[in-house]
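Residue-level structural notes
What follows is each chain in one-letter form.
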Amino acid sequence: MASSASESDVGAPVIGVTTYLERSQTGVWDLPASFLPKVYLDAVTDAGGIAVLLPPQPVTPEIARRVLAGVDGLIVSGGADVDPRRYGQAPHERTGAPRTDRDAWEDALLTAAIDEDVPFLGICRGAQMLNVALGGTLVQHLPDVVGHEEYQPAPAVFGAKRVSVERGSRLDAILGEVDEPRGEIDVHVYHHQAIDRVADGLTVTARTAEGVIEAVEVDDAAFGVAVQWHPEENAADRRLFAGLVDAARTRRAARTAADPRRDSA
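Just so it is clear, the structure is predicted and the values come from calculations on it, not from any experiment. (Residues numbered from 1 in each chain as written. Predicted model: local features only at pLDDT ≥ 70, side-chain atom pairs only at ≥ 80, totals over all residues. Heavy atoms only, no water.)

1. Comments concerning the overall build of the chain
Across its full length, the chain carries 8 helices and 13 strands. Taking all 265 residues of the chain together, 49% fall into the buried category. A fraction of 68% describes how many contacts in the chain between residues 6 or more apart in sequence connect residues 24 or more apart. Carbon and sulfur atoms make up 52% of the accessible area of the chain, which amounts to about 12,700 Å² in all. (Helix = DSSP H or I, 4+ residues; strand = E, 2+ residues; numbered from the N terminus. Buried < 20%, exposed > 50% of the residue type's maximum accessible area, 1.4 Å probe, protein only. Contact = heavy atoms within 4.5 Å. Areas by Shrake-Rupley, 256 points an atom, 1.4 Å probe, with all protein chains shown as cover.)

2. Here's the deal with helix α4 (residues 100-116)
Over its 17 residues, α4 runs 24 Å from end to end, which matches the ideal 24 Å to within 8%, given 1.5 Å per residue. A positive backbone phi angle near 55° is found at aspartate 117, which sits one or two residues after α4. (Expected span 1.5 Å × (residues − 1).)

3. As for helix α3 (residues 61-69)
Of the residues making up α3, those classed as buried are Ala64, Val67 and Leu68. All buried residues of α3 project into a common sector of 95° when viewed along the axis, lining one side. At its buried positions, α3 is contacted by β4 (50-54), β5 (73-76), α4 and α8 (239-258). (Arc of directions from axis to C-beta.)

4. Some thoughts on the sheet that holds strand β11 (residues 202-208)
Spatially, β4-β1-β5-β6-β13-β12-β11-β8-β9 is the arrangement adopted by the 9 strands of the open sheet, whose pairing is mixed. This sheet does not close on itself; its edge strands, each paired only once, are β4 and β9 (184-189). On average, each strand axis in the sheet is inclined to that of its neighbour by 25°, with strand direction left out of account. In this structure, strand β12 (residues 213-218) lies alongside strand β13 (residues 224-227), joined through 3 bridges in antiparallel fashion. Each residue of the ladder has a partner; that of valine 216, found in β13, is alanine 226. (Pairing = 2+ DSSP bridges. Axes fitted to C-alpha atoms, helices over the stretch in contact; angles between N-to-C directions.)

See below:
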């Protein structure tokens, strides 16, 4: 007989995590598949959440709302470049082939999350997607601006950058222990694009010394944080994921109090 879930398991918040949809190989199979690096799942479960995957699929605003009604929080993960046509630009020669299905899926989820005040964390592409969804633009190839490739030094090799965190921001409150008095943190980066014109409704909360935007927050959200770096790659530091899980747990508790049947089997 399977053992029953503990009370803490029953109360753990469910975090939906968006995924890639790419051609993949496994065994004798070579076909399009949804997948996500395991480090994202580990980051959620290490922080006390339950991770569920949200693969790209046909979407409408109503579908996005229904998906988010089944989770307590959202992570928009890293991945391919956002289609520049979404922010009115022609593709740069170094911009990757568009993933229009994923763009539409994550745009709808982010829009619904903001409308419904669902706690969310954007990571790398997730930060860029958030800015574009709200009307901002991107730098399509960052080395053209900064003159080097330290933000994406080689294929599958993360760069190391130090970012300054805005004092008094939600990000500052989450991280808590950034170096004094500079308010800085070392991060793993892997991006050749970056936020350019910041969308209305977002506030920049972290930058590198060169001025590259590394974090933004949704002004009116209970928890709407997006970082350009890859916190999932740092297994020793789960503060961002813990912050999301805590916010999702608070939302879950409020919804359960309003309707106790939500958690009944």
